[in-house]
Amino acid sequence: MTLDTGAVTAFLEGYRRTFETFDVDAICGAFAFPVQVVGDAGEVSVVSVPALEAWRPQIERVVGAYRLLGVASSVVESLEVTEVTPRVAHATVRWGLRASGGGTVYGFAASYTLAETADGPRIVVIAHDESPKLATAVARKREA
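Residues numbered from 1 in each chain as written. Predicted model: local features only at pLDDT ≥ 70, side-chain atom pairs only at ≥ 80, totals over all residues. Heavy atoms only, no water.

Engineer: Honestly, the pairing of strand β3 (residues 71-85) in this entry has me stumped. Any pointers?
Structural biologist: Two elements, β3 and strand β4 (residues 88-99), share twelve bridges in a ladder whose sense is antiparallel. Bridging from a neighbouring strand, Thr 85 pairs with Val 88 of β4. (Pairing = 2+ DSSP bridges. Helix = DSSP H or I, 4+ residues; strand = E, 2+ residues; numbered from the N terminus.)

The structure is reproduced here in structure tokens:
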């Protein structure tokens, strides 16, 4: 399979729908390991996650926070795709998280490097600015 714009868009739509189910195992299935994670929370952190067992707790924390915040859906507010090679692509997404009533919970940016693996397309690098936004939203919810 070629990771062209259509394939990347379809993968990200599936990833979005999977996240909305809060199925941690299915969400983790979108990643190949090791996966590189780059976060910008005022300072940039770079972590190489070696295996699913090390990644699953991170996804569990995000899913737990989404439940606490009442996240019901997400929308792709913008998407830019660059085809790097026929089997590698880069996508930058501006996500909007929505509550069940449709109100905005918060938005964030994430950039994904996708690779065509033996198991199909998988995320091999993710860079994002979600952590401080998630932490702020959780703190506000707990104070309310």
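Still to come is the rest of the account.
Engineer: What's the story with the sheet that holds strand β2 (residues 44-49) in this structure? I'm lost.
Structural biologist: Note on sheets: strands pair through backbone hydrogen bonds, and any given pair is parallel or antiparallel. Taking strand neighbours across the sheet as the criterion, the six strands line up as β2-β1-β6-β5-β4-β3 in an open arrangement whose pairing is mixed. Looking along the sheet, the strands with just one partner apiece sit at the ends: β2 and β3. When strand polarity is set aside, the average angle formed by the axes of neighbouring strands in this sheet is 25 degrees. Note that strand β1 (residues 31-40) and β2 share six bridges and pair antiparallel. When the sheet's bridge partners are listed, Gln 36 is paired in β2 with Ser 48. Together, β1, β3, β4, β5 (104-117) and β6 (120-128) form the strand contacts of helix α1 (residues 5-21), whose direction differs from that of β3 by roughly 155 degrees. (Axes fitted to C-alpha atoms, helices over the stretch in contact; angles between N-to-C directions. Contact = heavy atoms within 4.5 Å.)

Engineer: Looking at this model, I keep getting lost on the packing of helix α3 (residues 52-69) against helix α4 (residues 130-143). Mind explaining?
Structural biologist: The axes of two packed helices give the description: the angle between them and the distance between them. Relative to each other, α3 and α4 sit at 45 degrees, their axes nearing to 10 Å. Comparing their axes, α4 and α3 come out oblique. Seen along the crossing, α3 lies across α4 with a hand that is left-handed. Here α3 contributes Val 62, Ala 65, Tyr 66, Leu 68 and Leu 69 to the contact with α4, which in turn contributes Glu 130, Leu 134, Ala 137, Val 138, Lys 141 and Arg 142. (Parallel < 35°, antiparallel > 145°, perpendicular 65-115°, else oblique. Left-handed = near helix turned anticlockwise from the far one by under 90°.)

Engineer: Before we go on, may I ask you to explain the packing of aromatic side chains in this structure?
Structural biologist: Aromatic ring pairs are reported here in terms of the distance separating the ring centres and the angle at which the planes meet. One pass over the structure, following the stated rule, counts seven aromatic pairs. Among the aromatic side chains, those forming a connected cluster through ring pairs are Phe 11, Tyr 15, Phe 19, Phe 31, Trp 55, Tyr 66 and Tyr 112. (Phe/Tyr/Trp six-rings, centres within 6.5 Å; stacked < 30°, edge-to-face > 60°.)

Engineer: Help me out: how do you make sense of the nonpolar core in this one?
Structural biologist: Generally speaking, soluble globular proteins have nonpolar side chains that are buried together. Counting residues in hydrophobic clusters, the biggest one holds 39 residues, and the most contacted among them are Tyr 15, Tyr 66, Tyr 112 and Ile 123. Where this core is concerned, the elements lending two or more residues are α1, α2 (24-28), β1, α3, β4, β5, β6 and α4. Ranked by residues supplied to this core, first place goes to α3 with seven residues. (Core = buried A, V, L, I, M, F, W, Y, C linked by side-chain atoms within 4.5 Å. Buried < 20%, exposed > 50% of the residue type's maximum accessible area, 1.4 Å probe, protein only.)

Engineer: Honestly, the environment of Gly 96 in this entry has me stumped. Any pointers?
Structural biologist: Mapping Gly 96 onto the fold places it in strand β4. For the pair Gly 96 and Glu 83, spaced 13 residues apart in sequence, the C-alpha separation works out to 24 Å. In contact with Gly 96, other than residues within four places in its own chain, are Ser 73, Ser 74, Val 75, Glu 77, Tyr 106 and Gly 107.

Engineer: Just checking my understanding: could you explain the pattern of salt bridges for this structure?
Structural biologist: A side chain of one charge can pair with a side chain of the opposite charge if their charged atoms are brought near each other. Scanning the entire structure with this criterion turns up seven salt bridges. For the salt bridge of Arg 56 with Asp 25, the shortest nitrogen-to-oxygen distance reads 2.8 Å. One end of the pair, Arg 56, is in helix α3; the other, Asp 25, is in helix α2, with 31 residues separating them in the sequence. We classify Asp 25 as partly exposed; its relative accessible area is 49%. Between Arg 56 and Glu 60 there is a salt bridge, and its shortest N-O distance comes to 2.1 Å. Residue Arg 56 and its partner Glu 60 are located together in helix α3, separated by four residues, close to a single helical turn. A residue is classified by how much of its surface remains accessible, and Arg 56, at 27% relative accessible area, is partly exposed. Owing to a relative accessible area of 38%, Glu 60 belongs among the partly exposed residues under this scheme. What you see here is one network of salt bridges that share partners, running through Glu 13, Arg 16, Arg 17 and Glu 20. (Salt bridge = Lys/Arg side-chain N within 4 Å of Asp/Glu carboxyl O.)

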